[in-house]
Amino acid sequence: MKKHLWIFILLFAVLLFVPSTTLEAASDKAQVKKTVNTFFKAAKKYDTSKMKACFVNPNKTELFVTKKYTVKFIKQMNKKLKYEIKSVKVSGKTVTVKVWCKYQYAYYVYQKAFDKVVDYMIDHPNASNATVDKYVYQQISKYYKKMHKTKFSETITIKLKKTNGKWKIAKWTDDISNVVHASYKEAYDNYFEDVY
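The rules we used
Residues numbered from 1 in each chain as written. Predicted model: local features only at pLDDT ≥ 70, side-chain atom pairs only at ≥ 80, totals over all residues. Heavy atoms only, no water. Patch = residues over 30% accessible without salt bridge, like charges linked within 9 Å, V, L, I, M, F, W, Y side chains within 5 Å. Areas by Shrake-Rupley, 256 points an atom, 1.4 Å probe, with all protein chains shown as cover. Salt bridge = Lys/Arg side-chain N within 4 Å of Asp/Glu carboxyl O. Lys, Arg positive; Asp, Glu negative; His and termini not counted. Charge placed at Lys NZ, Arg CZ, Asp CG, Glu CD. Helix = DSSP H or I, 4+ residues; strand = E, 2+ residues; numbered from the N terminus. Pairing = 2+ DSSP bridges. Axes fitted to C-alpha atoms, helices over the stretch in contact; angles between N-to-C directions. Buried < 20%, exposed > 50% of the residue type's maximum accessible area, 1.4 Å probe, protein only. Arc of directions from axis to C-beta. Contact = heavy atoms within 4.5 Å. Core = buried A, V, L, I, M, F, W, Y, C linked by side-chain atoms within 4.5 Å. Phe/Tyr/Trp six-rings, centres within 6.5 Å; stacked < 30°, edge-to-face > 60°.

### Some details on a positive patch on the surface
Positive charge collects at one region of the surface, where Lys80, Lys82, Lys102, Lys149 and Lys151 lie side by side. Counting through the fold element by element, lysine 102 comes out in strand 2 (residues 94-104).

Here you go:
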């Protein structure tokens, strides 16, 4: 009985001297991982509402919301999205997370489609946004079927901030955009920078 009492006293003493910051850091890491996991699980389904909710400023995310045909293609691509949290570094009210991602790389598909879309818009200057969106989808789908399917893997850095007691992704970045849009942003920026 004395032996058990001494063990209990020893454990109590150890717990008493564990800094509360260590316990808080462990709790913060768990909350951070939950936010990152929530974001990527939503990205796999391209659930824009859930994705936006993971950010400090949801209105500054660059997601396709009104372009239903583009969203249809992205949803197809993101079913194959894979990710793994590699590290979480807590520093006060900010956190740096390294996430390994493997996703469909449709850069060249987009580039080919953009050629056709630009021609279409020149020939049809009065086409509605919905009509152009549908045409974009048709061209992207056509080239995606024809071209070699490429997957790209990279480790990206995501910063999170604590706001109102919750960890949120600090801001939308080009890396996040490329992962969840199969490199649409990279293709778009490079194409229109070169053309115009």
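That shown, we press on.
### A word on the sheet that holds strand 2
Hydrogen bonds along the backbone pair up the strands of a sheet, which may run parallel or antiparallel. Reading across from one edge, 1-2-3-4 is the order of the four strands in this open sheet, with antiparallel pairing throughout. At either end of the open sheet lies a strand with only one pairing partner, and these are strand 1 (82-91) and strand 4 (166-169). Strand-to-strand twist in this sheet, taken as the mean axis angle between neighbours without regard to direction, amounts to 25 degrees.

### Brief notes about helix 4 (residues 68-78)
Along helix 4, the residues that are buried comprise Thr70, Val71, Phe73, Ile74, Met77 and Asn78. Buried residues along helix 4 cover an arc of 160 degrees about the axis, so they all sit on one side.

### Quick notes on the pairing of strand 3 (residues 151-163)
Sheet analysis places strand 2 next to strand 3, joined by 11 bridges and oriented antiparallel. Each bridged residue has a counterpart across the sheet, and for valine 97 the counterpart in strand 3 is isoleucine 158. Of the pairings in the sheet, the one linking strand 3 to strand 4 comprises four bridges and is antiparallel in character. By the bridge assignment, threonine 163 is partnered in strand 4 with lysine 166.

### Observations regarding the side chain of histidine 181
With respect to the helices and strands, the residue histidine 181 is situated in the loop between helix 7 (174-180) and helix 8 (184-195). By relative accessible area, which is 1% here, histidine 181 ends up buried. Non-local contacts of histidine 181, meaning those with residues more than four positions away in its chain, are made with Tyr46, Glu62, Leu63, Phe64, Ile74, Tyr110 and Trp172.

### A word on the environment of lysine 82
Within the secondary structure, lysine 82 is located in strand 1. With 18 residues separating them in the primary sequence, lysine 82 and tryptophan 100 have C-alpha atoms 8.2 Å apart.

### A look at the nonpolar core
Ranked by internal contacts, the top residues of the largest apolar core, which has 54 residues, are Phe39, Phe40, Val97, Tyr110 and Leu160. The dominant element in this core, judged by the number of residues it contributes, is helix 5 (residues 107-123), at eight residues. When near neighbours in sequence (up to four residues on either side) are disregarded, leucine 160 contacts Val32, Thr35, Val36, Lys93, Thr94, Val95, Val97, Trp167, Lys168, Ile169 and Ala170.

### Topic: unusual backbone geometry
Of note in the backbone geometry, tyrosine 46 takes a positive phi value of approximately 50 degrees without being a glycine. One can find tyrosine 46 in the loop between helix 2 (20-45) and helix 3 (48-52). With relative accessibility at 3%, the residue tyrosine 46 sits in the buried group. In the Ramachandran plot, serine 183 falls in the positive-phi region, its phi being about 70 degrees despite a non-glycine side chain. Within the element layout of this structure, serine 183 appears in the loop between helix 7 and helix 8.

### Observations regarding the pattern of salt bridges
A full pass over the atoms with the stated rule returns four salt bridges. Linking aspartate 189 and lysine 185 is a salt bridge whose minimum nitrogen-to-oxygen distance equals 2.9 Å. Taken together, the residues span about one helical turn, with aspartate 189 and lysine 185 both in helix 8 at a distance of four residues. Taken together, the shared-partner salt bridges connect Asp174, Lys185 and Asp189 into one network.

### Looking at the packing of aromatic side chains
One pass over the full model with this rule turns up 23 aromatic pairs. Pairing phenylalanine 39 with phenylalanine 40 gives two aromatic rings, centres 5.2 Å apart and planes at 80 degrees, and the pair type is edge-to-face. For the residue pair phenylalanine 39 and phenylalanine 40, the accessibility class agrees, reading buried in each case. Ring geometry for tyrosine 191 against phenylalanine 192: centres 4.9 Å apart, planes inclined by 75 degrees, an arrangement best described as edge-to-face. For phenylalanine 192, a relative accessible area of 23% translates into the label partly exposed. One aromatic cluster is present, built from ring pairs that chain together Phe64, Phe73, Tyr110, Phe114, Tyr144, Tyr184, Tyr188, Tyr191 and Phe192.

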